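# Inside the fold
Residue-level listing of the chains:
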Amino acid sequence: MTAMNVPCISLRDFDDRRLEITSELMKASSQAGFFTIKDHGIPLEQIRAAFALSESFFALPDHIKAKTSHNGKNMGWEKNAQIRPSTGTADLKESMVLQFARMEGMWPCEDDLPGFRQQAEAFMFAMQRLSIKIMECFADALGLPADTFTEATVDPGVGDSQTACRLLHYYDLGGKTYDPDQWRCGAHADFSLLGLLFQRPGEFGLEVCPGREVVGDHGLGNVWIPIEAKEGHIVCNIGDQLMRWSDDRLKSTFHRVRLPRPDEKQGPRYSIAFFNQARSNTIIQGPDRKYPPITGQDFILNAMRRDKLGNAKDVKAASLNSNIATESGVPPARLVPVVG
Ligand SMILES: O=C(O)CCC(=O)C(=O)O
Ligand SMILES: [Fe+2]
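The structure presented is a predicted model; accordingly, all values stated were derived computationally and were not measured. What you see as residue numbers is a count from 1 along each chain, following the sequence as written. For naming, the first written chain is A and the first written ligand is 1, with later ones following in the order written. The predicted origin of the model limits local features to residues at a pLDDT of at least 70 and limits the giving and counting of side-chain atom pairs to 80 or more, whereas totals for whole chains, interfaces and linings rest on all residues. Only hydrogens and water are set aside; all other atoms, that is, all heavy atoms of the structure, feed into the side-chain values.

When helices and strands are counted, the chain shows eight helices and 14 strands. Atoms considered for the radius of gyration are the C-alpha atoms alone. The globule rule reads 2.2 Å times the number of residues to the power 0.38. Here the chain has a C-alpha radius of gyration of 19 Å; the compact-globule value for 340 residues is 20 Å, and the two agree. Reported as C-alpha extents along the three principal axes, the dimensions of the chain are approximately 50 × 45 × 40 Å. Looking at the chain as a whole, 58% of its 340 residues qualify as buried. Throughout, a contact is declared for two residues whenever any of their heavy atoms are within 4.5 Å. The long-range share in the chain, meaning contacts at least 24 apart out of those at least 6 apart in sequence, stands at 78%. All accessible areas in this document rest on Shrake-Rupley with a 1.4 Å probe, and a residue is counted as covered only by the protein chains that are shown. As presented, the chain carries roughly 14,300 Å² of accessible surface, and 52% of it is formed by carbon and sulfur atoms. A run of DSSP states H or I qualifies as a helix once it reaches four residues; a run of E qualifies as a strand once it reaches two. Both are numbered from the N-terminal end. Burial here depends on accessible area, computed with a 1.4 Å probe over protein chains only, as a share of the maximum for the residue type. Under 20% is buried, over 50% is exposed, and the range in between is partly exposed.

Adjacent strands of a sheet pair through backbone hydrogen bonds, lying either parallel or antiparallel. In this scheme, strands are said to pair when DSSP sees at least two bridges between them. Strand order in the open sheet formed by eight strands is β1-β2-β10-β7-β12-β5-β4-β3, with mixed pairing between adjacent strands. Looking at which strands have only one partner, the edges of the open sheet turn out to be β1 (8-10) and β3 (76-79). Strand-to-strand twist across the sheet, computed as the mean angle between neighbouring axes with direction ignored, equals 25 degrees. The pairing of strand β5 (residues 164-170) with strand β12 (residues 269-276) spans seven bridges and is classified as antiparallel. Bridge pairing in β12 places Y170 opposite R269. Between N-to-C directions, angles span 0 to 180 degrees; the directions come from axes that are lines fitted to C-alpha atoms, helices contributing only their stretch in contact. Most of the contacts of helix α2 (residues 44-58) go to β12, to which it runs at about 110 degrees, and overall it touches β3, β4 (93-99), β5, β7 (194-199) and β12.

A word on the nonpolar core. Residues grouped as a nonpolar core are buried Ala, Val, Leu, Ile, Met, Phe, Trp, Tyr and Cys residues, joined through side-chain atoms within 4.5 Å. Counting 71 residues, the largest nonpolar core has F35, I37, L98, F116, F138, F149 and L242 as its most contacted members. Counting residues per element, this core draws most heavily on helix α4 (residues 116-141), at 12 residues. Those residues in contact with F149 that sit more than four places away from it in its chain are M135, F138, A139, L142, L144, L193, L242 and W245. Of all hydrophobic cores here, the second largest spans 14 residues; its members include L168, I227, V257 and F275.

This next bit is on the coordination of the iron ion (ligand 2). Here the coordinating atoms are restricted to nitrogen, oxygen and sulfur within 2.8 Å of the metal centre, or 3.2 Å for Na, K and Ca, and because water is not among them the sites may look incomplete. Within the protein, H188 (NE2), D190 (OD) and H255 (NE2) serve as the donor atoms for the iron ion (ligand 2), at 2.1 Å. Between consecutive donors of the iron ion (ligand 2), the numbers of intervening residues give the motif H-x1-D-x64-H. Residue H188 is located in strand β6 (residues 185-188), and its partner H255 is located in strand β11 (residues 254-257); the two are separated by 67 residues in the primary sequence.

The subject of this paragraph is the packing of α2 against α4. Running from N to C, α2 and α4 point in directions that differ by 140 degrees, and their axes come no closer than 11 Å. Taken together, α2 and α4 sit at an angle that is classed as oblique. You can see that α2 and α4 cross each other, and the crossing is left-handed. Mapping the contact onto sequence places Q46, A50, L53 and F57 in α2 and F116, Q119, A120, A122, F123 and A126 in α4. When grouped by side-chain class, the residues that make up the contact of α2 with α4 number eight nonpolar, two polar and no charged. Roughly parallel covers angles under 35 degrees, roughly antiparallel covers those over 145, roughly perpendicular covers 65 to 115, and oblique covers all other angles. Crossings are sorted by hand: turned counterclockwise from the far helix by less than a right angle, the near helix makes the crossing left-handed, and turned clockwise it makes it right-handed. For this classification, Asp, Glu, Lys and Arg are treated as charged, while Ala, Val, Leu, Ile, Met, Phe, Trp, Tyr, Cys and Pro are nonpolar and the rest, including Gly, are polar.

Moving on, we get to the pattern of salt bridges. A pair is scored as a salt bridge if a Lys or Arg side-chain nitrogen falls within 4 Å of a carboxyl oxygen belonging to Asp or Glu. Tallied over the full model, the rule gives 22 salt bridges. Put simply, D140 and R18 hold a salt bridge, and the shortest N to O gap is 3.4 Å. Of this pair, D140 sits in helix α4 while R18 sits in helix α1 (residues 18-30), placing them 122 residues apart in sequence. Residue class for D140 comes out partly exposed when judged on its relative accessible area of 39%. Measuring nitrogen to oxygen at the nearest pair gives 3.3 Å for the salt bridge that ties R117 to E121. Placement of the pair is R117 and E121 together in helix α4, with a separation of four residues, close to one helical turn. Each of E207, R256, R258, R261 and E264 takes part in a single network of salt bridges with overlapping partners.

Helix span, as expected, comes to 1.5 Å for every residue beyond the first. Here α2 is 15 residues long and its end C-alpha atoms lie 21 Å apart, about the 21 Å a rise of 1.5 Å per residue gives. Taken together, the buried positions of α2 are I47, A50, F51, L53, S54, F57 and F58. Seen along its axis, α2 keeps its buried residues to an arc of 155 degrees; they face one direction. Arc, as used here, means the arc of the directions from the helix axis to the C-beta atoms.

A few words on the state of the cysteines. The definition used for a disulfide is geometric: two cysteine sulfur atoms within 2.5 Å. Enumeration over the complete set of coordinates arrives at zero disulfides. Residue C109 stays outside any disulfide, its sulfur separated by 20 Å from that of C165, the closest cysteine. The exposure class assigned to C109 is partly exposed, which follows from its relative accessible area of 35%.

Limitation: the analysis is restricted to geometry and does not speak to function.
Here you go:
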């Protein structure tokens, strides 16, 4: 495989430099499938505030977080419950998935976390606005009307959005030992259209494996490129929905988050991912019709089943099962997969 890098693309003077930026975005996305952006207009304070909000949620006791347990529809809290097909073990993490629509009963209540919903939604809308700029460039370059992916992902007020913001907390691993087949986040390709990911400086471990040929292909190469966590930079990646919609021109590539090595800092890692997703009834199909049409809803249901997060009851049981890895406990050599 030829060496591929993950370029950093500046969005400075976006309107004037749109053509140049589009060409950089297309080059990165048709090769590594990952790029980072800077000069994107999101203030550092807003990013730091989002991380503080995330920390305040994860600091709640499990029985409070379990009030908004994962509902099997890509919303809610899970802990040690996501089993990646590539590893067969649960990711050593907890996460909280938030959406714009159908979130009744899924927001932490005001008594437990005052202001959480309001702050989280404000951040999510800012991420959506930024995503639209990037998605318009992709639509242009693919010969589609510029608003194709905006229409496809942004709910016009009918409540069919499937876009998701995922807060992630990977535990402090100090003093614990782990099996080599355990991962903070096992290798996977995202099922979204376009992902935006925030990392904090010093909280390393994200690696990308470029080179996927077709959207259904789960074969992995074995060259893993680390993506440094730089404050203020946003990591962006093509997901399976856009790979399919581009008839495989844009690459949704595998990535993972490795555990720190014994000689590295063992502290926790927090990250925030914003996944632009096709709305439930949006039809995903590329200009060359390489693949049959599929709705956004079916696309995500299939993906949730693959990742064993489609069964709310089992996810809840796994999240509350104290026999598997927690901040305070040494995990067993192997985790028992959640049946889903
Ligand atoms: O936490 C990270 O850096 C990556 C998370 C990720 O890839 C995901 O949740 O899909
Ligand atoms: Fe991912």
